[in-house]
Amino acid sequence: MHKLFKKSLSRSLDPKGRLMLPPEYREGLCAEGGNGTFWLTAFYGRLVAYLPEDWEAVTTQLSSIALPSPRLAHFKTKVMGLAQELTPDAQGRVRIPQALMHEVGLEKDVMLVGMLSKFEIWDLARFNALSIEDVSAELAASGLNISL
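Quick look at the structure, then. From a predicted model like this one, the values you see are computed outputs, not experimental measurements.

**A short note on the pattern of salt bridges**
- Overall, the coordinates contain five salt bridges when judged by the stated rule.
- The residue Arg-46 makes a salt bridge to Glu-120 at a minimum N-O spacing of 3.0 Å. On the criterion of sequence distance, the pair formed by Arg-46 in strand S4 (residues 46-50) and Glu-120 in strand S8 (residues 118-123) is long-range, its members being 74 residues apart. Comparing Arg-46 with Glu-120, the two get one shared label, buried.
- Here Lys-78 ties to Glu-103 by a salt bridge, and the two come within 2.8 Å at their closest N and O atoms. On the criterion of sequence distance, the pair formed by Lys-78 in helix H3 (residues 70-82) and Glu-103 in helix H4 (residues 98-104) is long-range, its members being 25 residues apart.
- Taking relative accessible area as the criterion, Glu-103 reaches 34% and is therefore assigned partly exposed.

Shown next, in the form of structure tokens:
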């Protein structure tokens, strides 16, 4: 697994909906032969940025579902249909498409969250509203024993 995006920090979108990526993220996008591009899509109220090869794996898996339920078909349509390939400009900015901003309610202030091989972009108020609940039973059911 790539460990390219470890840092989390808040940022502000400019009036044109552009996000300045931190240097560490730009370096991560260019690591291991990358050219700086990434795929951005919406999942469960946040944007998720994938390296191209990881996005290819996601779309391959979603495309392999032969007869999805209407609910799963709608999920697949949104996730794949809203996805955009983005490349930072010379200043390290990316313009987040309006459809993606609308889908997850991005306003001006956002939180970038490093998730090792990908990163998430949350509306800051939505991120701050997240609560940490007791998920020990779910972790155990997944075979994880994490000492926190």
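**Considering helix H2 (residues 52-63)**
- Across its twelve residues, H2 extends 16 Å between first and last C-alpha, which sits within 8% of the 16 Å expected from 1.5 Å per residue.
- Taken together, the buried positions of H2 are Trp-55, Val-58, Thr-59 and Leu-62. Taken around the axis of H2, the buried residues stretch over an arc of 90°, which confines them to a single face.
- Taken together, the buried residues of H2 touch strand S3 (38-43), S4 and H3.

**Brief notes about the side chain of Arg-46**
- Classification of Arg-46 by relative accessible area gives buried; the value is 16%.
- Polar contacts involving the side chain of Arg-46 include one to the main-chain carbonyl oxygen of Phe-43, which spans 2.9 Å.
- Excluding residues that lie within four positions of it along the chain, Arg-46 makes contacts with Thr-41, Val-104, Glu-120, Ile-121 and Trp-122.

**Quick look at the pairing of strand S7 (residues 109-114)**
- Summarising burial for S7: five of the six residues are buried, a large majority.
- Looking at chain direction, strand S1 (residues 9-12) and S7 are connected through four bridges and run antiparallel. Following the sheet pairing, Leu-9 is matched in S7 by Leu-112.
- Of the pairings in the sheet, the one linking S7 to S8 comprises five bridges and is antiparallel in character. Across the sheet, residue Val-110 finds its bridge partner in S8, namely Asp-123.
- Between S7 and S8, which pair antiparallel in sequence order, lie three residues; one of them, Leu-116, sits at a positive phi of approximately 70°.

Analysis parameters
- Residues numbered from 1 in each chain as written.
- Predicted model: local features only at pLDDT ≥ 70, side-chain atom pairs only at ≥ 80, totals over all residues.
- Heavy atoms only, no water.
- Salt bridge = Lys/Arg side-chain N within 4 Å of Asp/Glu carboxyl O.
- Helix = DSSP H or I, 4+ residues; strand = E, 2+ residues; numbered from the N terminus.
- Buried < 20%, exposed > 50% of the residue type's maximum accessible area, 1.4 Å probe, protein only.
- Expected span 1.5 Å × (residues − 1).
- Arc of directions from axis to C-beta.
- Contact = heavy atoms within 4.5 Å.
- Polar contact = N/O pair within 3.5 Å; in protein donor to acceptor, adjacent residues only side chain to side chain.
- Pairing = 2+ DSSP bridges.

By themselves, these figures tell us nothing about what the structure is for.
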